[in-house]
Each structure stands twice: as structure tokens, then as C-alpha cells.
Amino acid sequence: MKKLGLGLALLMSQPVVADDLVHWWDASATLLYGSDYDLAPSDEQTTVTFETAGGWKYGDWFAFQDVIQFNGASDRTTYGEISPRFSFGKIFNKDLSLGPIQDVSLALTYEEGEGPVESFLYGIGLDIAIPGFSYFNLNTYKRQGINSANNSDGWQFTPVFRVDFPVGNANIVLDGFVDWVFSADNSGYEENVHINPQLKYDLGKSLMGDAKANKLFVGIEYDYWKNKYGVKGIDQNTYSVIAKYHF
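S.K.: Honestly, the overall build of the protein chain in this entry has me stumped. Any pointers?
M.R.: What the protein chain contains, in helices and strands, is three helices and 12 strands. Taking 18 Å as the expected radius of gyration for a compact globule of 247 residues, we find that the protein chain reaches 18 Å, a close match to that expectation. Projected onto its principal axes, the C-alpha coordinates of the protein chain cover approximately 45 × 45 × 35 Å. Taken over 247 residues, the protein chain has a buried fraction of 41%. Of the contacts made within the protein chain by residues no fewer than 6 positions apart, 49% connect residues no fewer than 24 positions apart. Only carbon and sulfur atoms are counted for the fraction: they give 62% of the accessible area of the protein chain, which is about 12900 Å². Charge-centre separation for the protein chain: the mean point of 18 positive side chains lies 4 Å from the mean point of 31 negative side chains.

Pasting the structure below:
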């Protein structure tokens, strides 16, 4: 629960930061239910995910904390990531745009959870302008396991994206990420690809108008993970129904 407390602290601390330091911020909670999950005590899972994201004077951040209940088994676990990026354009007050590339950042991620998953990632992040996308970020990391049992060292390629589709008096959002771990340093840990988009409908705006836009979403999350956890031949292919509320 110490890790859950860290995630909650990240969510609740954002409103008190000085306005001249923080340009924007968001916090949300998502309830997910799905089945057919591999390498878990139960193939059915109920997950509550707390997220925060924002932009500040020297870069941006994203962090989340999952609390996972394995349905049908008296077991639960937690997993979370903290991902700050430090913008070279903001730090040096320079326009670094070059073609579709809008900015370059030092990208960092800390992964934590139960079991041998603790890792530190560092690399370069790019903000890329693509027509039709609300945002598209591309981060390339070097992975380093923090504890000796974590053999996921190597490289990781992570695009993150969002696309908005106006529909009637509401909005449909397609967003998500892809984690591709490649050039793994350790034998016994396979290269793997984790594709995780969400398709969500702005139910709050549809029911209550513009005052509740971007507050309450419902939809589905698709989850495909080839060689899940680096285990050869374990290819997870499933989806969850979701409800997400932005505070």
C-alpha cells in the first residue's frame, strides 16, 4: 500500500503547485474489467488506475498507479510508473522545431510494483506534430533493472498518442501507447511488444453539456502483449470495459 500511497500523493498534490510553474495538469481515475489475462492468478481482473499528467516550466510528466484485483482469487497486486520529461526547448528557451519535430526532451521513467519489476529508464523524447493527432510523443529509452531478479535490461521504444473525433454533441477519444522492448541484454528474456489503446466516448458532455466535457468517459481498452513479461510464446490478446473520470 506504500506504492498506492505514492500514486495517490501524485494525484492530490497537483492543484497546490504555483501557477507560474505548472502550465496545465490533469488527474483521473479509471475502473476496468476484463478477462483472458495471461500469467496471472486469475484470467479475470478488475483494475482501478489513478493517473496524473501535466506540463510545467521545464517539461511535462505522466504517472499512474494500478491496483489490480484478480477475480476468483484472493489476491491483488499493484504496479505503477512515474515518467517526467525535461524539455530542452523550455529549459534553454529555444525553438527546437525541425519539420514535424516540435521539441526534444530528456525522458525518464521509474517502474515499480510487486515482484522483480523495478526498473529505471532513460533516453530521448520527441514531440511530433502529425495532422489529425491531438498529440504524438515518441520516447526511446535504455532500460536498466534495479534489482538483480529483473532481467529486462535492453532498449525500449514507446510512442504515446491521442486522436479526437467529434461526434454529434460529444467526442470520441482514441489514445494509448505502444511499448516495444528490443535488443534485450539477457538470455531468457524475449523481445516483446505491448499495444494498449483505449477508445472512449465523452458521456459527460453528451448527457450534461459543455460544462462536463472531458470529465466522464466510457469505452473499451484493447490489450495485446506479445511475449508478455519477456516470456516466449505468451501472447496476451484481450480487452476491458472501462469508465474513466477526470477530476
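S.K.: Sorry if this is basic, but what is going on with the packing of aromatic side chains here?
M.R.: How two aromatic rings sit relative to each other is given by the distance of their centres and the angle of their planes. Within the structure shown, the criterion is met by 10 aromatic pairs. Note on Trp56 and Tyr58: the rings are 5.4 Å apart at their centroids and 85 degrees apart in plane angle, and the pair reads as edge-to-face. For Tyr58, a relative accessible area of 32% puts it in the partly exposed group. Through a chain of ring-to-ring contacts, the aromatic side chains of Trp56, Tyr58 and Phe86 assemble into a single cluster. Over the face of the ring belonging to Trp155 we find Lys142, whose NZ or CZ atom lies 5.9 Å from the ring centre.

S.K.: What should I look at first to understand the sheet that holds strand S2 (residues 44-56) in this one?
M.R.: Within a beta sheet, neighbouring strands are joined by backbone hydrogen bonds and run either parallel or antiparallel to one another. The 12 strands lie next to each other as S1-S2-S3-S4-S5-S6-S7-S8-S9-S10-S11-S12, forming a closed barrel whose pairing is antiparallel. Neighbour-to-neighbour, the strand axes of the sheet open up by a mean angle of 20 degrees, direction not taken into account.

S.K.: Would you mind going over the pairing of strand S10 (residues 192-202) with me for this structure?
M.R.: One face of the sheet, then the other: side chains in a regular strand alternate in exactly this way. In the sheet, strand S9 (residues 170-182) pairs with S10 via 10 bridges, with the strands oriented antiparallel. Bridge pairing links Gly176 to Pro197 in S10. Sheet analysis places S10 next to strand S11 (residues 216-226), joined by eight bridges and oriented antiparallel. Bridge pairing in S11 links Lys200 to Gly219.

S.K.: In this structure, what is going on with the environment of Phe133? I would like to understand it.
M.R.: With respect to the helices and strands, Phe133 occurs in the loop between strand S6 (119-128) and strand S7 (135-145). For the pair Phe133 and Arg162, spaced 29 residues apart in the sequence, the C-alpha separation amounts to 5.9 Å. Excluding residues within four positions of it along the chain, Phe133 makes contact with Phe161, Arg162 and Val163.

S.K.: How should I be thinking about the nonpolar core in this particular structure?
M.R.: Grouped burial of nonpolar side chains is what soluble globular proteins tend to show. Core analysis: the largest hydrophobic core is formed by five residues, namely Leu126, Ile128, Phe136, Leu138 and Phe161. Mapped onto this core, the elements with two or more residues apiece are S6 and S7. The contacts of Leu138, once residues within four sequence positions are left out, are Ile124, Gly125, Leu126, Ile128, Phe157, Thr158 and Pro159.

S.K.: How do you make sense of the side chain of Ser42 when you look at a structure like this?
M.R.: Note on placement: Ser42 falls in the loop between strand S1 (22-34) and S2. A relative accessible area of 9% means that Ser42 is categorised as buried. Residue contacts for Ser42: discarding those within four places in its chain leaves Tyr37, Phe70, Asn71, Gly72 and Ala73.

S.K.: Looking at this structure, how should I read the pattern of salt bridges?
M.R.: Where side chains of opposite charge bring their charged atoms close, a pairing between them can arise. In total, this model carries eight salt bridges according to the counting rule given. Between Asp127 and Arg85 there is a salt bridge; the shortest N-O distance is 2.6 Å. Taken together, the residues Asp127 in strand S6 and Arg85 in strand S4 (residues 75-87) connect sequence positions 42 residues apart. In this structure Asp127 comes out as buried when scored by relative accessible area, which is 19%. You can call Arg85 buried: its relative accessible area is 5%. The closest approach of N and O atoms between Asp175 and Lys200, which form a salt bridge, is 3.0 Å. Linking Asp175 in strand S9 with Lys200 in strand S10, this pair joins segments that are 25 residues apart in sequence. Per residue, the accessibility class of Asp175 equals that of Lys200, and both read buried. A network of salt bridges, in which partner residues are shared, links Asp60, Arg85 and Asp127.

Analysis parameters
Residues numbered from 1 in each chain as written. Predicted model: local features only at pLDDT ≥ 70, side-chain atom pairs only at ≥ 80, totals over all residues. Heavy atoms only, no water. Helix = DSSP H or I, 4+ residues; strand = E, 2+ residues; numbered from the N terminus. Rg over C-alpha atoms; globule rule 2.2 N^0.38 Å. Buried < 20%, exposed > 50% of the residue type's maximum accessible area, 1.4 Å probe, protein only. Contact = heavy atoms within 4.5 Å. Areas by Shrake-Rupley, 256 points an atom, 1.4 Å probe, with all protein chains shown as cover. Lys, Arg positive; Asp, Glu negative; His and termini not counted. Charge placed at Lys NZ, Arg CZ, Asp CG, Glu CD. Phe/Tyr/Trp six-rings, centres within 6.5 Å; stacked < 30°, edge-to-face > 60°. Lys NZ or Arg CZ within 6 Å of the ring centre and 35° of its normal. Pairing = 2+ DSSP bridges. Axes fitted to C-alpha atoms, helices over the stretch in contact; angles between N-to-C directions. Core = buried A, V, L, I, M, F, W, Y, C linked by side-chain atoms within 4.5 Å. Salt bridge = Lys/Arg side-chain N within 4 Å of Asp/Glu carboxyl O.

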